[in-house]
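Okay, here's what each chain looks like letter by letter:
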Amino acid sequence: MNALKRLFSMSILLFLCTLFVCAKSLPLDQWAYIQIDDNRGKWGDWDEPEWLRYFGLDFQDVNRDGYVDIISGRYFYRNPGGTMEEPWTRVDLGVNVDGCLFVNVDGDDFADIIAAALPEVFWFEAEDLQGSAWTGRKIGQLPPTGHNNGQGYAVADLISGGKQEIILQADKGIYVCEIPANTTTGEWPWHMIITSGSDEGIGVGDLDGDGDFDLAFGDIKEGEQEHPTILDWAENPGFLTVTWKRHSIGETMHAIDRVEIADMNGDDRPDVIVSEERYPGQEPDGHLWWFEARADGAWERHQVVQQYSMNNLDVGDIDNDGDIDIVTNMHKGESLATQVWENNGTGEFTKHVVDTGKEMHLGAQLIDIDNDGDLDIVGHAWDNYQFLHLWRNDAIKK
C-alpha cells in the first residue's frame, strides 16, 4: 500500500476515534477471520514460468459505497459490505497480468489499475462504477526480473504539481513513470532513477525533511548475484531525469524483503523498517529490524524479532495510541503466525498473535477496509496461493 493511502487511512482513523470512542487505546485481540477467496490461480497457470505467483495487492473504494475493494494479481474483488462475510465478487481482468496499484490515471469516475506483465506494463480502466469489466492498454516496457515481475511497487506524489507518479521495481533498478496529460496516445515516459540489484520492496517517505518523498530499498553487495543485504535510501532531487543520489542506511543479516518508512520512537525523524526473507526458509533465522535515524545523522539497527522468513510487512497505528505498530506474517515454519508488534512509543515492541496457520507473501497489509475507524489486515499467499485472507478488526464496533 502506498504512503498516501496509509496516511489517509490513519487520518480517517484519528478523526472517527476523536468523534466517537477514543478515550483510550484500542485492544489488539479483536480479530475475525474472513476467507475472501480459496480458488485463485497463479501466474504459471497461464504463462511461463510455471512456478510463478502474483505479487500485486492494493486497495480502493471503487464503487464508492464506503467499503474498500481489492486488486490482487489478475483479480479484482468487490467488497460485499456489512460484515464482509458474504461472498466477494471476483472479476478477472481477462489477461495474465499482475495488477498491483490503483492509480487515478485520467480523473474520471471509473477506477484505474496499473498491472505488470514484464516486459510490458498496462493500464486497466473499469468500464463501469462497479468494476464489472476492465479494458487494458499497454503503457510501457520495463526489463523483466528473475521473478518476471517486480515485487516492489508504489504510487506517490514524487514531483510537486500534476498527478502522482507510478514506482515499479524492474531488472537492475527502480523506475518511475509520469502519467502524461494525454493518456491514450503512445507509451508513457518511464525513468530509471535508481540502480539496484533487488526487485523487492520499496519504502516511500520524507527521509531528509525537505518536504518531498524519498525512497528506501535493498541492494546487493558488489560481486554477489542475489541476497540484497544493503539498505540504502535515495534523495529526491525534484525531477526524474537523473539518477537519484544514494545514502547508506546499513546492512541486514539476510535478504531484505519488505521496506517501510515511519517514525518508530516519537522523535519526529522517519525511521526505516525491514523484514528479511529466508529461502528455502527451513530455519527460524530471519529478522525484523528497524533502523533508527539518529540526531547525528547516523543510523542504528534494532532487532524486533528473529523468526521464520517474513515476506510480509506493514506499519500503522493499529491500537490508536499515537505511535506506529508493525504487522507481519511468518511465510515459513509450522505456525505461519500473523502478528502485530505493539510499539510502546519508544521503539520497543510486544507481540500479539492475530492468527496461525495462514501463510502469506507480500501480504499482511493494513487498511480500514470496512470504514469503521480501525485498521484491518489483508494478505495473499505464495505456497497456498489459492487463498486471499482478511482479518476484520473489531476493536471499534460499527
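Below or above, wherever it landed, is the structure these notes cover. (Residues numbered from 1 in each chain as written. Predicted model: local features only at pLDDT ≥ 70, side-chain atom pairs only at ≥ 80, totals over all residues. Heavy atoms only, no water.)

1. A few points about the overall build of the chain
Note the following rule: Helix and strand assignments come from DSSP, with helices taken as H or I runs of at least 4 residues and strands as E runs of at least 2, each series counted from the N terminus. Only C-alpha atoms enter the radius of gyration, while the globule expectation follows 2.2 Å times N to the 0.38, with N the number of residues. Type-normalised accessible area, obtained with a 1.4 Å probe on protein chains alone, sets the label of each residue: buried when under 20%, exposed when over 50%, and partly exposed for intermediate values. The contact definition used throughout considers only heavy atoms, calling two residues in contact when any of these lie within 4.5 Å. Exposure was quantified through the Shrake-Rupley algorithm and a 1.4 Å probe, taking into account, for residues, occlusion by the shown protein chains and nothing else.
Summing up its helical and strand segments, the chain has one helix and 28 strands in all. On C-alpha atoms alone, the chain measures out to a radius of gyration of 20 Å, which is about the 21 Å that the 2.2 N^0.38 rule sets for 398 residues. In terms of its C-alpha atoms, the chain occupies a principal-axis envelope of roughly 50 × 50 × 45 Å. Counting across all 398 residues of the chain, residues that qualify as buried make up 60%. Here the contacts in the chain between residues at least 6 apart in sequence split such that 50% fall between residues at least 24 apart. Of the roughly 15600 Å² of accessible surface on the chain, 48% is carried by carbon and sulfur atoms.

2. Describing the packing of aromatic side chains
The description of an aromatic ring pair uses the distance of the two centres, along with the angle that the planes make with each other. Just so we agree on the cut-off: Aromatic pairs are defined between Phe, Tyr and Trp rings, using the six-membered ring for Trp, whenever the two ring centres lie within 6.5 Å; interplanar angles under 30 degrees are classed as stacked, those over 60 as edge-to-face, and all others as tilted.
Considering all chains together, one arrives at nine aromatic pairs under this definition. Here the aromatic rings of Tyr54 and Tyr75 are separated by 6.4 Å at their centres, their planes lie at 80°, and the arrangement is edge-to-face. On the criterion of sequence distance, the pair formed by Tyr54 in the loop between strand 1 (31-37) and strand 2 (58-60) and Tyr75 in strand 4 (residues 75-78) is long-range, its members being 21 residues apart. When sorted by exposure, Tyr54 lands in the same class as Tyr75, which is buried. On the numbers, 5.7 Å between centres and 40° between planes, the contact of Trp123 with Trp188 is tilted.

3. Thoughts on the sheet that holds strand 2
Worth spelling out the cut-off: Two strands are counted as paired when DSSP detects at least two bridges linking them. Fitted lines through C-alpha atoms serve as axes, helices being fitted only where they are in contact, and the angles separating the N-to-C directions of these axes extend from 0 to 180 degrees.
The sheet built from four strands is open, its strands ordered 2-3-4-5 with antiparallel pairing. Looking along the sheet, the strands with just one partner apiece sit at the ends: strand 2 and strand 5 (89-92). With direction set aside, neighbouring strand axes in the sheet form an average angle of 20°. Bridge analysis of strand 2 against strand 3 (residues 69-72) gives three bridges, and the strand direction is antiparallel. Each bridged residue has a counterpart across the sheet, and for Asp58 the counterpart in strand 3 is Ile71.

4. Let's talk about the pattern of salt bridges
In a structure, side chains of opposite charge can pair up when their charged atoms sit close to one another. Counted only if it meets this: For salt bridges, the criterion is a side-chain nitrogen of Lys or Arg within 4 Å of an Asp or Glu carboxyl oxygen.
The full count for this structure, using the stated rule, is 21 salt bridges. Between Lys221 and Glu251 there is a salt bridge; the shortest N-O distance is 3.2 Å. Residue Lys221 is found in the loop between strand 15 (214-219) and strand 16 (230-235), and its partner Glu251 is found in strand 17 (residues 245-251); the two are separated by 30 residues along the sequence. Residue Glu251 is classed as partly exposed on the basis of its relative accessible area of 39%. In this structure, Lys358 and Asp355 form a salt bridge, with 2.9 Å as the shortest nitrogen-oxygen distance. You can call Lys358 buried: its relative accessible area is 18%. Classification of Asp355 by relative accessible area gives buried; the value is 17%. By sharing partners, the salt bridges in this structure join Lys42, Asp45 and Glu50 into a single network.

5. Looking at the sheet that holds strand 10 (residues 153-156)
Taken together, four strands build an open sheet; the order of strands is 10-11-12-13 and the sheet is antiparallel. Here the strands that pair on one side only, and so sit at the sheet edges, are strand 10 and strand 13 (190-195). Each strand axis lies, on average, 25° off the axis of its neighbour in the sheet, ignoring direction. Summarising the sheet, strand 12 (residues 173-178) and strand 13 pair through five bridges and their orientation is antiparallel. Residue pairing across strands places Ile174 opposite Ile194, the latter belonging to strand 13.

6. Remarks on the environment of Asp212
By the element assignment, Asp212 lies in the loop between strand 14 (202-205) and strand 15. Through-space distance from the C-alpha of Asp212 to that of Ser160 is 8.0 Å; in sequence the pair is 52 residues apart. Excluding its chain neighbours within four sequence positions, the residues that come into contact with Asp212 are Leu158, Gly205, Asp206 and Asn236.

7. Description of the side chain of Asp214
What counts is decided by this rule: Within this scheme the basic residues Lys and Arg register as positive and the acidic residues Asp and Glu register as negative, but His and the chain ends are omitted. Two N or O atoms count as a polar contact when they lie within 3.5 Å, although within protein this holds only if one can serve as hydrogen donor and the other as acceptor, and sequence-adjacent residues are included solely when both atoms are side-chain atoms.
Looking at the secondary structure, you find Asp214 in strand 15. Although Asp214 is buried, it forms no salt bridge, and the closest oppositely charged side chain is Lys245 at an N-O distance of 12 Å. A distance of 2.9 Å separates a polar side-chain atom of Asp214 from the backbone nitrogen of Asn236. What Asp214 contacts, discounting residues up to four positions off in sequence, is Gly203, Val204, Gly205, Asp206, Leu207, Asp208, Trp233, Ala234, Glu235, Asn236 and Ile261.

8. Some details on the pairing of strand 15
Along strand 15, six of the six residues are buried, which leaves the element largely enclosed by surrounding structure. Burial along strand 15 is two-sided: Asp214, Ala216 and Gly218 and Leu215, Phe217 and Asp219, pointing in opposite directions, are all buried. Both strand 14 and strand 15 contribute to a ladder of four bridges, which runs antiparallel. If you follow Gly205 over to strand 15, its bridge partner there is Asp214.

9. Structural notes on unusual backbone geometry
The omega torsion across Glu48 and Pro49 is -5°, close enough to zero to call that bond cis. Mapped onto the elements of the fold, Pro49 is located in the loop between strand 1 and strand 2. One non-glycine residue, Lys172, lies in positive phi territory at about 65°. Following the sequence through the fold, Lys172 ends up in the loop between strand 11 (165-170) and strand 12. Backbone geometry at Leu362 places phi at a positive 55°, although glycine is not the residue there. Within the secondary structure, Leu362 is located in the loop between strand 25 (349-355) and strand 26 (365-367).

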